[in-house]
Every structure is written in structure tokens, then in C-alpha cells.
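Overview (structure and organization)
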Amino acid sequence: MTKEEVANWIQQLMKDNRLYSFYKSKEWRHLKEEVLKENHYECVMCREEGKVSKAVTVHHVQHVKKYPWLALSKTYEYKGVEYKNLIPLCHDCHDKVHGRMRYKPKPKPLTEERW
Ligand SMILES: [Zn+2]
Ligand SMILES: [Zn+2]
């Protein structure tokens, strides 16, 4: 599928309130499996903190609803630089990135002892 076809497909699903069927599609399931495998089924956010957690899901950095043409794209480009669009996450980290746990990013060392 071209990016345009993907975008049309997703937009139609959103119109019909059936976006869940994207996550059930074999295109997405294959891609998800591929991304998990490439990352050894490890959560990338935990890995950054030196922890090892089993990834259970693959998160869209550029959310599907906002960027439907990137739904099946492993990377995206911003100002000529390529970034990862699909990242494997464990359950907790996935909740965090979606703000479901009132997650506040850790303060940077610079601002840490200001008062
Ligand atoms: Zn994690
Ligand atoms: Zn997500």
C-alpha cells in the first residue's frame, strides 16, 4: 500500500468509527510483529533507563488519528531527518506515553535543585 492508500483507508475507518479494525488488520499485525522482533521484544523506554521489560505493544510516535498516512510506516521524516515512528513498549510505558497515569517527565538535572 502507498502512503496515500493507507491514509484513505484509515480516514474511512475513522469516519465509520471502526479504527479498531486497523489494529486487527493483518498488515498492522505483521508490521507490529516485525518491530517487536527487531527490538528483541524489549520495551525501548525501559531500556533507556537500563531496565529490561517485555514489550507487549507497538506505539505510534506520530498518532494514527493525526497522521493516518504514517499508520504503517516504521519511520517518519522531520526536517530531513528520519525518526522511528513505531516503538515497542511495555504496558506501563505505553500508559505513560498516552498520559493515562498522570505521568510527569523527570526533571532535568539542571532544574533539579533550584529551590
Ligand atoms: Zn517499559
Ligand atoms: Zn500508543
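Anyway, here's the lowdown on the structure attached to this text. (Residues numbered from 1 in each chain as written. Chains lettered and ligands numbered in written order. Predicted model: local features only at pLDDT ≥ 70, side-chain atom pairs only at ≥ 80, totals over all residues.)

With that out of the way, let us pick up the environment of L86. The residue L86 is located in strand β4 (residues 86-89) in this model. Taking the C-alpha atoms as reference points, L86 and L36, 50 residues apart in sequence, are found 9.5 Å from one another. (Helix = DSSP H or I, 4+ residues; strand = E, 2+ residues; numbered from the N terminus.)

A word on the nonpolar core. Among the nonpolar cores identified, the biggest contains nine residues, and these are C43, M45, A55, V58, L86, I87, L89, C90 and C93. The leading source of residues in this core is β4, at three residues. (Core = buried A, V, L, I, M, F, W, Y, C linked by C-beta atoms within 7 Å. Buried ≥ 20, exposed ≤ 12 C-beta atoms within 10 Å, placed from the backbone.)

A word on the pairing of strand β3 (residues 81-84). Judged from the four bridges that link them, strand β2 (residues 75-78) and β3 form a sheet pairing that is antiparallel. Following the sheet pairing, Y78 is matched in β3 by V81. Counting the residues between successive antiparallel strands, the hairpin from β2 to β3 contains two residues, one of them, K79, with a positive phi of roughly 50°. (Pairing = 2+ DSSP bridges.)

Take helix α3 (residues 26-38) next. With 13 residues, α3 should cover 18 Å at 1.5 Å per step; its first-to-last C-alpha distance of 18 Å lies within 8% of that length. Just beyond α3, the residue with positive phi is H40, at close to 55°. (Expected span 1.5 Å × (residues − 1).)

This next bit is on helix α1 (residues 3-15). For α1, which comprises 13 residues, the first-to-last C-alpha distance of 18 Å matches the rise-based estimate of 18 Å (1.5 Å per residue) to within 8%. N17 sits one or two residues past α1 and shows a positive phi near 60°.

The subject of this paragraph is the environment of T57. When you line up the elements, T57 lands in strand β1 (residues 57-60). Each C-alpha atom, one on T57 and one on E42, is 9.9 Å from the other, the two residues being 15 residues apart in sequence. Excluding its chain neighbours within four sequence positions, the residues that come into contact with T57 are L89 and H94. (Contact = placed C-beta atoms within 7 Å.)

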